[in-house]
Amino acid sequence: MNATTPSLELDASGEWADELAELQQRRQMAARMGGEEAVARHKARGRQTARERIHTLLDTGSFRELGRITGRGRYDEEGRLLDLQPVNAIIGTGRMEGRRIVVSADDYTIRAGSSEGTLSDKWIYAERLALAQHMPLVRLVDTAGGSVKLLMQQAAAKIPGYGNWPGVELLKTVPVVGVALGACAGLGAVKVLLSHFSVMVRDQAQVFAAGPPVVKQAYGIDVDKNDLGGYKVHRKSALVHNEAVDEADALRQVRQFLSYLPASAHRLPARMTPTDDPGRADDWLKNAIPHDRRKIYDPRRIMASLFDRDSVFEIGRWQGGSIITALARLDGWPVGVLCSDPKVAGGAMTLAAAYKTERHAKLCDTFGLPMVNLVDQPGNATGPEAELAGTLLGAVRVVQTIEDVRIPWLSIILRRAFGMAGGMHAPKYFPALNHRFAWPSARWGSIPIEGGVDAAHKAEIEAAADPAAARAALEARYHRIGSPFRTAEHFGILDIIDPRETRALLCDWMADARAVLENTRGARA
């Protein structure tokens, strides 16, 4: 089925027969997109057309196209229509697993999706519609960006900017997704990045301020478009959250991401029918954290065990790797997840990890997803590179963000919570409730004991007959004093729990957290 509003087979006879026939003719002309040759060239590159992408994303037959005959008409001397060149923006509404969304797609077959082939009023209308109707917005971006030919078309230069584009207000109100499906330059890049979730297709999509020709002119550098803005670049830059192996995978990720979120910030996320036992207790969790503090473990396996089976959707895996950000479910309810990863930078708070944490906390706070933080934090990254990067400034921004959130928040300290970064595991100040538990493997303090002993007892260790033994004895003594059980004696931690009890505890808390959100944020899903 075509991914467009079907034309009804209606009788065209009567007083308005000519006008109805012209309407059908204009629709048929618009449906050709860039024409047979342009469409064939596009598909020969292994890519779907804009209409096919919409069809793949939405429930079959649900797309209601808007502005279907917007374009540039060509007329004869008598003013009769000869041809219609549609604009390269296709917009409309549809359903995705039954939920209403707004979709806006670039048609690359018309002037490579360039702004010279469109009317900005059309794609901006889609964005305003999403804002006005409180519907999620998905942008399918495939555009070469601006063109100097616009000067000839408009016979004047335009100051950059779109005064009626509510791009920032959208982020405060409805879920916004940007999908990079080709070379996304300039405005195209902004459409991808000005979103709550972005995904790009490997080796097919690029995101950059300007493409290789502009870079060549400005800097005299010859650079391949993938080396300039491909997925391997943005694994490091964090501009784009996720990568996809192909277009189908990218659109699958869009559907999965939106399944955790409400239609707008004025509603709450919906519950999926539970398929996992809230009381499930995987026995291997008791040994998930190695007793040897110098050994690492797999945090993603722990996440898969604690949350509903197959419900963890990771966001930004390749950036700021010392922190994992994800969406998941507890007894069917959507929840945000932060989880330390000791396999990357020892789990320390790097600048990239700070930005990633801040971004995820804001997303969950905007759309009413309670946060679960699985903590193994040795502290802020140190050393010359970390200081030069301004890591502490990033950490301060995390503090500000976390203290501003108003969602229910629960922390499970799995292993370490040291220093300033360790203290950022949750909002702490009234009216926030620092609701936290710990596994028996947890340790905390101003600095890790291993490094702290060397600093505090340097002279004593160096003077010992066996410095290594002296250091080990001091460390053992401090670890006994630093036992989480001693902290629990003073009610410095709410409870020490058996790791196998964690899932049941989280599911109980999630029911309470949902009730809090319903009382404080109003409308239910």
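Scroll up to find the structure this text is about.
Going along each chain's sequence as written, the residues are numbered from 1 onward. Selection of residues for local features in this predicted model requires a pLDDT of at least 70, selection of side-chain atom pairs for listing and counting requires 80 or more, and totals for whole chains, interfaces and linings are taken over all residues. To get the side-chain values, all heavy atoms of the structure are used, and hydrogens and water are removed first.

Draft legend 1. Structural detail: the packing of aromatic side chains. Centre distance within 6.5 Å is the pairing criterion for rings of Phe, Tyr and Trp, where only the six-membered ring of Trp is used; planes under 30 degrees apart are then read as stacked, over 60 as edge-to-face, and the remainder as tilted. As enumerated under the stated definition, the model contains four aromatic pairs in all. Residues Phe197 and Phe257 carry aromatic rings whose centres are separated by 4.7 Å and whose planes lie at 20° to one another, so their mutual orientation is stacked. One end of the pair, Phe197, is in strand 9 (residues 197-201); the other, Phe257, is in helix 11 (residues 247-259), with 60 residues separating them in the sequence. The same class applies to Phe197 as to Phe257, namely buried. Centre to centre, the rings of Tyr260 and Phe313 are 6.3 Å apart; their planes meet at 25°, and the pair counts as stacked. Numbering of helices and strands starts at the N terminus; helices are DSSP runs of H or I of at least 4 residues and strands are runs of E of at least 2. Using a 1.4 Å probe on the protein chains alone, a residue whose accessible area is under 20% of its type maximum counts as buried, one over 50% counts as exposed, and one in between counts as partly exposed.

Draft legend 2. Up close: the packing of helix 3 (residues 50-57) against helix 11. Orientation is described by lines fitted to C-alpha atoms, with helices fitted over the stretch in contact, and by angles between N-to-C directions that extend from 0 to 180 degrees. Where helix 3 meets helix 11, the axes come as close as 10 Å, and the angle between the chain directions of the two elements is 45°. Considered as vectors, helix 3 and helix 11 are oriented oblique to each other. As helix 3 packs across helix 11, the resulting crossing turns out to be right-handed. Mapping the contact onto sequence places Arg53, Thr56 and Leu57 in helix 3 and Glu247, Leu251, Val254 and Arg255 in helix 11. Every angle not falling under 35 degrees, over 145, or within 65 to 115 is termed oblique; those three ranges are roughly parallel, roughly antiparallel and roughly perpendicular. The hand of a helix crossing depends on one turn: near helix anticlockwise from the far one by less than a right angle means left-handed, and clockwise means right-handed. Pairs of residues are marked as contacts when any of their non-hydrogen atoms sit within 4.5 Å.

Draft legend 3. Quick look at a nonpolar patch on the surface. A residue counts toward a patch only above 30% relative accessible area and without a salt bridge, and it is joined to like-charged neighbours within 9 Å or, for Val, Leu, Ile, Met, Phe, Trp and Tyr, to nonpolar neighbours within 5 Å. Every accessible area reported is derived by Shrake-Rupley at a probe size of 1.4 Å, with residue values counting cover from the shown protein chains alone. We define a salt bridge as a contact between a side-chain nitrogen of Lys or Arg and a carboxyl oxygen of Asp or Glu at a distance within 4 Å. Together, Leu392, Leu393, Val396, Val399 and Met420 make up a nonpolar patch on the protein surface, roughly 410 Å² of accessible area in all. If one sorts the elements of the nonpolar patch by residue count, helix 15 (residues 391-404) sits on top with four residues. Along the polypeptide, Leu392 turns up in helix 15. For Leu392, a relative accessible area of 43% translates into the label partly exposed.

Draft legend 4. Molecular detail of the environment of Ala469. Secondary-structure assignment places Ala469 in helix 19 (residues 467-481). Classification of Ala469 by relative accessible area gives partly exposed; the value is 40%. Taking the C-alpha atoms as reference, Ala469 lies 67 Å from Ala105; in sequence the two are 364 residues apart.

Draft legend 5. Structural context of the side chain of Glu358. One can find Glu358 in helix 13 (residues 351-366). Exposure remark for Glu358: the relative accessible area of 7% places this residue in the buried category. Sequence-distant contacts of Glu358, defined by excluding residues within four places in its chain, comprise Arg397 and Thr401.

Draft legend 6. Representation of the layout of surface pockets in the model. Only protein atoms enter the 1 Å grid, on which a cavity is a set of points fitting a 1.4 Å probe that cannot get out and a pocket is an open set with protein on both sides within 12 Å along at least 5 of 7 lines, lining residues being those with an atom within 4 Å of a point. Grid points are joined across faces, edges and corners, and a volume is the space filled by probe spheres set on the points. The calculated volume of the second largest pocket comes to roughly 550 Å³. Around the second largest pocket, the lining comprises 26 residues; the ones closest to its centre are Ile289, Pro290, Arg293, Arg415 and Ser441. Secondary structure elements with two or more residues in the lining of the second largest pocket: strand 16 (409-418) and helix 17 (449-456). When the residues that make up the lining of the second largest pocket are grouped by side-chain class, the tally is 13 nonpolar, five polar and eight charged. Three classes are used: nonpolar for Ala, Val, Leu, Ile, Met, Phe, Trp, Tyr, Cys and Pro, charged for Asp, Glu, Lys and Arg, and polar for all others, with Gly counted as polar.

Draft legend 7. Representation of the pairing of strand 4 (residues 89-96) within the structure. Judged by how many residues are buried, strand 4 sits mostly within the fold: seven of eight residues are covered. Two strands make a pair as long as DSSP finds a minimum of two bridges between them. Judged from the eight bridges that link them, strand 4 and strand 5 (residues 99-106) form a sheet pairing that is antiparallel. Residue pairing for strand 5: Ile91 is matched across the bridge by Ser104. Turn length for the strand 4-strand 5 hairpin, with the two strands adjacent in sequence and antiparallel, is two residues, and the turn residue Glu97 shows positive phi of about 55°.

Draft legend 8. Molecular detail of the side chain of Asp341. On the secondary structure map, Asp341 appears in the loop between strand 14 (333-340) and helix 13. On the basis of relative accessible area, Asp341 is assigned to the buried category, the value being 2%. A distance of 3.2 Å separates the side chain of Asp341 from the side chain of Arg300, its partner in a polar contact. In this structure, Asp341 is in contact with Pro299, Arg300, Gly321, Ser322, Ile324, Gly346 and Gly347, ignoring residues within four places of it in sequence. For this analysis, a polar contact is any N or O atom pair within 3.5 Å, provided that within protein one partner can donate a hydrogen and the other can accept it, and provided that sequence-adjacent residues contribute only side-chain to side-chain pairs.

Draft legend 9. Local environment of the packing of helix 13 against helix 15. Between helix 13 and helix 15, whose axes approach to 8 Å, the crossing angle comes to 15°. Considering the angle they form, helix 13 stands roughly parallel to helix 15. Crossing angle aside, the handedness with which helix 13 passes helix 15 is left-handed. For the pair formed by helix 13 and helix 15, the contact residues are Leu351, Ala354, Thr357, Glu358, Ala361, Lys362 and Asp365 on the first element and Thr391, Gly394, Ala395, Arg397, Val398, Thr401 and Asp404 on the second. Here the residues of the contact of helix 13 with helix 15 sort into five nonpolar, four polar and five charged.

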